[in-house]
Amino acid sequence: MTQSIVILILLSLFVGTGVWLFFVWAVKKGEYDDVEGPKYRMLDDDESTKPSKEKES
């Protein structure tokens, strides 16, 4: 019983450390720099794609 608890504690420490390292890597890559921007960008009209449609017709 004690051996399985030690194994589970060590396994949880490894998983927790892995998740923490992944989070630090994501922050350093800039994944969380602009959290609010994408929800506003999808509402804006994208004028750069409309002229290409007008050229085709």
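Residues numbered from 1 in each chain as written. Predicted model: local features only at pLDDT ≥ 70, side-chain atom pairs only at ≥ 80, totals over all residues. Heavy atoms only, no water.

### Comments concerning the packing of aromatic side chains
With the rule as written, the count across this model stands at two aromatic pairs. On the basis of an interplanar angle of 45° and a centroid distance of 5.7 Å, the ring pair of phenylalanine 23 and tyrosine 32 is categorised as tilted. Its relative accessible area of 43% is what places phenylalanine 23 among the partly exposed residues. (Phe/Tyr/Trp six-rings, centres within 6.5 Å; stacked < 30°, edge-to-face > 60°. Buried < 20%, exposed > 50% of the residue type's maximum accessible area, 1.4 Å probe, protein only.)

### Some thoughts on the environment of lysine 39
Tracing the sequence through the fold places lysine 39 in helix H2 (residues 37-41). A distance of 2.8 Å separates polar atoms of two side chains, one belonging to lysine 39 and the other to glutamate 36. (Helix = DSSP H or I, 4+ residues; strand = E, 2+ residues; numbered from the N terminus. Polar contact = N/O pair within 3.5 Å; in protein donor to acceptor, adjacent residues only side chain to side chain.)

### As for the pattern of salt bridges
By the definition in use, this model includes two salt bridges. Across the pair arginine 41 and aspartate 34 runs a salt bridge whose closest N-O atoms are separated by 3.0 Å. Given the relative accessible area of 53%, arginine 41 is considered exposed. Using a relative accessible area of 42% as the deciding quantity, one classes aspartate 34 as partly exposed. Of the charged contacts, one joins lysine 39 and glutamate 36 as a salt bridge, the two residues approaching to 2.8 Å between their closest N and O atoms. Judged by relative accessible area, lysine 39 falls into the partly exposed class, the value being 41%. We classify glutamate 36 as partly exposed; its relative accessible area is 42%. (Salt bridge = Lys/Arg side-chain N within 4 Å of Asp/Glu carboxyl O.)

### Quick notes on a nonpolar patch on the surface
On the surface, Met1, Ile5, Val6, Ile9, Leu10, Leu13 and Phe14 cluster together to form a nonpolar patch covering roughly 760 Å² of accessible area. For phenylalanine 14, a relative accessible area of 63% translates into the label exposed. (Patch = residues over 30% accessible without salt bridge, like charges linked within 9 Å, V, L, I, M, F, W, Y side chains within 5 Å. Areas by Shrake-Rupley, 256 points an atom, 1.4 Å probe, with all protein chains shown as cover.)

### Looking at helix H1 (residues 2-29)
Helix length check: H1 (28 residues) gives 41 Å between terminal C-alpha atoms against 40 Å at 1.5 Å per residue, within 8%. Backbone geometry just downstream of H1 places glycine 30 in the positive-phi region, at approximately 90°. (Expected span 1.5 Å × (residues − 1).)

### Focus on the confidence of the model for the chain
Across the chain, the average pLDDT comes to 85, with 79% of residues at 70 or higher. Across the chain, element-level confidence peaks in H1 with a mean pLDDT of 97 and bottoms out in helix H3 (residues 50-56) with 55. (pLDDT = per-residue confidence, 0-100.)

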